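An overview of the molecular structure
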Amino acid sequence: MNEARPPRALIVGGSLGGLFAATTLRAIGWDVQVFERSISALDSRGGGIVLQPDVLAAFRFAGIERAKALGVRSGDRIYLDASDNVIDRAFMPQTQTSWNMLHGSLSRALPPALVHRGETLVGFDQQENGVHAHFASGRIERGDLLVGADGPRSTVRELLLPDALPRYAGYVAWRGLAPEHLVSDRAKAKLEGTFSFQQGKDFLLLAYLVPGEDESTVPGHRRWNWVWYRRSDEGADFDEAMTDAHGRRRQFSIPPGALAARSAQALREAASRLLAPSFADLVDATQEPFVQAILDLDVSRMVFDRVVLVGDAAFIARPHTAGSTAKAAANAVALAEALASSPGIDASLGEWGRQQVQAGRDMTARGRAMGDRIMGILHTARRHQANAATKTDDWP
Ligand SMILES: Cc1cc2nc3c(=O)[nH]c(=O)nc-3n(C[C@H](O)[C@H](O)[C@H](O)COP(=O)(O)OP(=O)(O)OC[C@H]3O[C@@H](n4cnc5c(N)ncnc54)[C@H](O)[C@@H]3O)c2cc1C
C-alpha cells in the first residue's frame, strides 16, 4: 500500500449493501468509488424494511445524522382471519422504514462524484496488493480492495464461485405500497398502528406503515407496505408470475410498473377471494404491485485475496428474518472496523470473512426453517427442524 495516499476501495453495486460499504469505509478514511450498473435512480423501486439495530449502528459509524425519524412505529402485532376479525394480538413495538428512505439517506451522505452510474463490472484481475476492475464501458479502475455488493446475481461472485447460485425456495412475494390517502377507511381503522398478519393455507400476508415516497412520516403522507407470500411450484404458475408486461420471462422478479396486466388482475381477484377485506383493500389501493421470487443462497467464502463479497452477493436470507438489509449493514461496519484496527489489509480480511460467513449461515438456516414452516413446505421443514427450535415468532 502506498502510504502517501489513502487506500482505495472499488465498490460494485450502488444499492444498500454498496452504500453501507462506501459510507463506513469512507468514515475510516478510505477513498471509495461506487460503480452501479443502473443508469436511473433506484429509489422509486424499494418496499418496506423493518428497521434493525445494525442499520442504526451503520448510520452512527458513518456519522450520518438524521434530522427526521427514520421510520414509522408500530405497537401491536395482530392476526386477522378471512372475515377481518382480530384473532390474536400482542404488544411488540418496532419501527418500519423503507428502501428509498435508507437509500436516500445513504446517498446524500456521499459526494455524488464518488458514485458512477451506468458502469457494469464485467471482470477483474488481481495483482499483488491490488485489483484492476474492468467495466463494460471499457473503463479500468485500480483499487486496493474490490467489494462485490452486486446482489443476488452478482458478477463478482459468479467469477469467483461459479457454482454458488441462488435457488428458488418454492414461493413468491407479491408486494406493494399503497399511499395512505388511497386506502379505505375500514382498512385504516383496523390496521392503524399495527404490524398485521393473515396466515392462510399456503400463504402469509403481512402489512405495516412505512414512510412516504418523499420520506415523510406524517400521517396521511405515509404508505402501507404489504407483502403476500404465496406458494408457487416451479412450472406454469411460476413462469406466469415471472412474465412481465412485455411478455418477457424474467428470472426472479418483476419490478413496480412492469407487472403484466393479467397478473395484476389475477392478484386483485385472488386478494378479494382469500384475504381479509382490510388487506384486500390495500392490494386494491396499490397502483404498481410487484413480485419477487424467494431465494436461498449461501457461500463458503467471502474473501478472495483483495476481493470481498457483501450483502446479498454472499448470502440471501429469507425475508422472514427481517435481516437482509441489517446483514449488509453489519458486513460493512465489521469490514471497516477490521480494516481500521489492523495495520495491513490482508491481515484484517481473514478473520472478518470467517465471522461473516458464520453469521450469514446462521441467518440463512434460521430463515429457511421459518419460511418452510410458514409456507407448509414440509420436506425442507423437516430437514431444517433443528433450526426451527430457535426464534420462530418474529417473522415480518
Ligand atoms: C431496487 C431495490 C429494491 C429493494 N427493495 C427491498 C425492500 O423493499 N425490502 C427489503 O428488505 N429489501 C429490498 N431490497 C433488497 C435489499 O435492499 C437488500 O437485501 C440489501 O440492500 C442488500 O442488498 P445488496 O445491496 O447486497 O444487493 P441489491 O440490493 O440487489 O443491489 C445490488 C446492486 O448491484 C447492482 N449490480 C448488479 N450487478 C452489477 C454489475 N455487474 N456492475 C455494477 N453494478 C451491478 C444492481 O443494479 C443493484 O443496484 C431491494 C433491492 C433493490 C435493488
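Keep in mind it's a predicted model, so treat the numbers as computed, not measured.

1. So, the environment of Phe252
Residue placement: Phe252 occurs in the loop between α6 (236-241) and β15 (253-254). Between the alpha carbons of Phe252 and Arg167 there is a distance of 9.9 Å; along the sequence they are 85 residues apart. Not counting residues within four places of it along the chain, the set of residues in contact with Phe252 comprises Pro152, Gln292, Ala293 and Leu295.

2. Describing the site of the ligand
Neighbouring the ligand are 31 residues; Ser15, Gly17, Gly47, Gly151 and Gly311 lie closest to it. Among the secondary structure elements, those contributing two or more residues to the shell around the ligand are α1 (16-27), β2 (31-36), β3 (48-50) and α9 (324-341). Here the residues of the shell around the ligand sort into 11 nonpolar, 15 polar and 5 charged.

3. Here we look at the environment of Trp174
One can find Trp174 in strand β11 (residues 167-179). Owing to 27 C-beta atoms within 10 Å, Trp174 belongs among the buried residues under this scheme. When the C-alpha positions of Trp174 and Pro112 are compared, they lie 33 Å apart, and in sequence the two are 62 residues distant.

4. Looking at the packing of α1 against α9
For the pair α1 and α9, the least separation of the axes is 8 Å and the interaxial angle reads 25 degrees. With respect to their mutual orientation, α1 and α9 come out roughly parallel. In the crossing of α1 with α9, the sense of the turn from one axis to the other is right-handed. Across the interface between the two elements, Leu16, Gly17, Phe20, Ala21, Thr24, Leu25 and Ala27 of α1 pack against Thr325, Ala328, Ala329, Ala332, Val333, Leu335 and Ala336 of α9. Taken together, the residues of the contact of α1 with α9 break down into 11 nonpolar, 3 polar and no charged.

5. Here we look at the sheet that holds strand β4 (residues 72-80)
Ordered by their spatial adjacency, 9 strands build an open sheet running β3-β5-β4-β12-β13-β14-β11-β16-β15, and the pairing between neighbours is mixed. A strand with exactly one partner marks an edge of an open sheet, and here the two such strands are β3 and β15. Here β11 pairs with strand β16 (residues 290-296) via 6 bridges, running antiparallel. Considered in β16, the bridge of Ala173 is made with Gln292. With respect to the sheet, helix α3 (residues 99-108) is in contact with β3 and β5 (86-98), its orientation differing from that of β5 by roughly 20 degrees.

6. A short note on the domain arrangement of the chain
Where interface size is quoted, it is often the accessible area lost as the parts come together. Assigned domains of the chain: these are domain 1 (8-48 + 109-165 + 297-388) and domain 2 (72-98 + 167-295). Here the C-alpha centre of domain 2 lies 27 Å away from the C-alpha centre of domain 1. Taken together, the 16 residues of domain 1 in the interface contact 22 residues of domain 2. A per-element tally of the side of domain 1 that touches domain 2 places helix α10 (residues 345-375) first, with 3 residues.

7. A short note on the environment of Ile377
Structurally, Ile377 can be placed in the loop between α10 and α11 (378-383). For Ile377, a count of 19 C-beta atoms within 10 Å gives the class partly exposed. Each C-alpha atom of the pair Ile377 and Asp202 lies 8.6 Å from the other, and the pair is 175 residues apart in sequence. In contact with Ile377, not counting residues within four places along its chain, are Gly170 and Asp372.

8. Thoughts on α10
With 31 residues, α10 extends 44 Å from end C-alpha to end C-alpha; this agrees with the ideal 45 Å at 1.5 Å per step. Where α10 terminates, the next one or two residues include Gly376, which has phi positive at roughly 70 degrees.

9. Looking at the nonpolar core
Counting residues in each nonpolar core, the largest one holds 64 residues, and the members touching the most others are Ile11, Ala21, Val147, Val308, Val310 and Ala332. Looking at which element gives the most residues to this core, the answer is α9, with 10 residues. The contact partners of Val147, leaving out residues within four places of it in the chain, are Ala9, Ile11, Val12, Ala21, Val308 and Val310. One finds Ala173, Trp226, Ala280 and Ile294 within the second-largest nonpolar core, a separate group that totals 46 residues.

10. Points about the sheet that holds strand β17 (residues 303-304)
Within a beta sheet, neighbouring strands are joined by backbone hydrogen bonds and run either parallel or antiparallel to one another. Pairing in this open sheet of 6 strands is mixed, and the strands run β6-β2-β1-β10-β18-β17 from one edge to the other. Both edges of this open sheet fall to β6 (115-117) and β17, since each of them pairs with a single strand only. Sheet topology note: the strand β1 (residues 8-12)/β2 ladder contains 5 bridges and is parallel. Looking at β2, one finds that Val12 is bridged to Phe35.

11. Quick look at the packing of α1 against helix α2 (residues 53-62)
Two measures define how a pair of helices packs: the angle their axes make with one another and the distance between the axes. Here α1 crosses α2 at 40 degrees, and the two axes come no closer than 8 Å. The angle between the axes of α1 and α2 places the two elements in the oblique class. Considering how the two elements wind past one another, α1 and α2 form a crossing that is left-handed. For the pair formed by α1 and α2, the contact residues are Phe20, Thr23, Thr24 and Ala27 on the first element and Ala58, Phe61 and Ala62 on the second. Grouping the constituent residues of the contact of α1 with α2 by class yields 5 nonpolar, 2 polar and no charged.

Calculation rules
- Residues numbered from 1 in each chain as written.
- Predicted model: local features only at pLDDT ≥ 70, side-chain atom pairs only at ≥ 80, totals over all residues.
- Helix = DSSP H or I, 4+ residues; strand = E, 2+ residues; numbered from the N terminus.
- Contact = placed C-beta atoms within 7 Å.
- Near = placed C-beta within 6 Å.
- Nonpolar A, V, L, I, M, F, W, Y, C, P; charged D, E, K, R; others polar.
- Buried ≥ 20, exposed ≤ 12 C-beta atoms within 10 Å, placed from the backbone.
- Axes fitted to C-alpha atoms, helices over the stretch in contact; angles between N-to-C directions.
- Parallel < 35°, antiparallel > 145°, perpendicular 65-115°, else oblique.
- Left-handed = near helix turned anticlockwise from the far one by under 90°.
- Pairing = 2+ DSSP bridges.
- Domains from an automatic or database assignment.
- Expected span 1.5 Å × (residues − 1).
- Core = buried A, V, L, I, M, F, W, Y, C linked by C-beta atoms within 7 Å.

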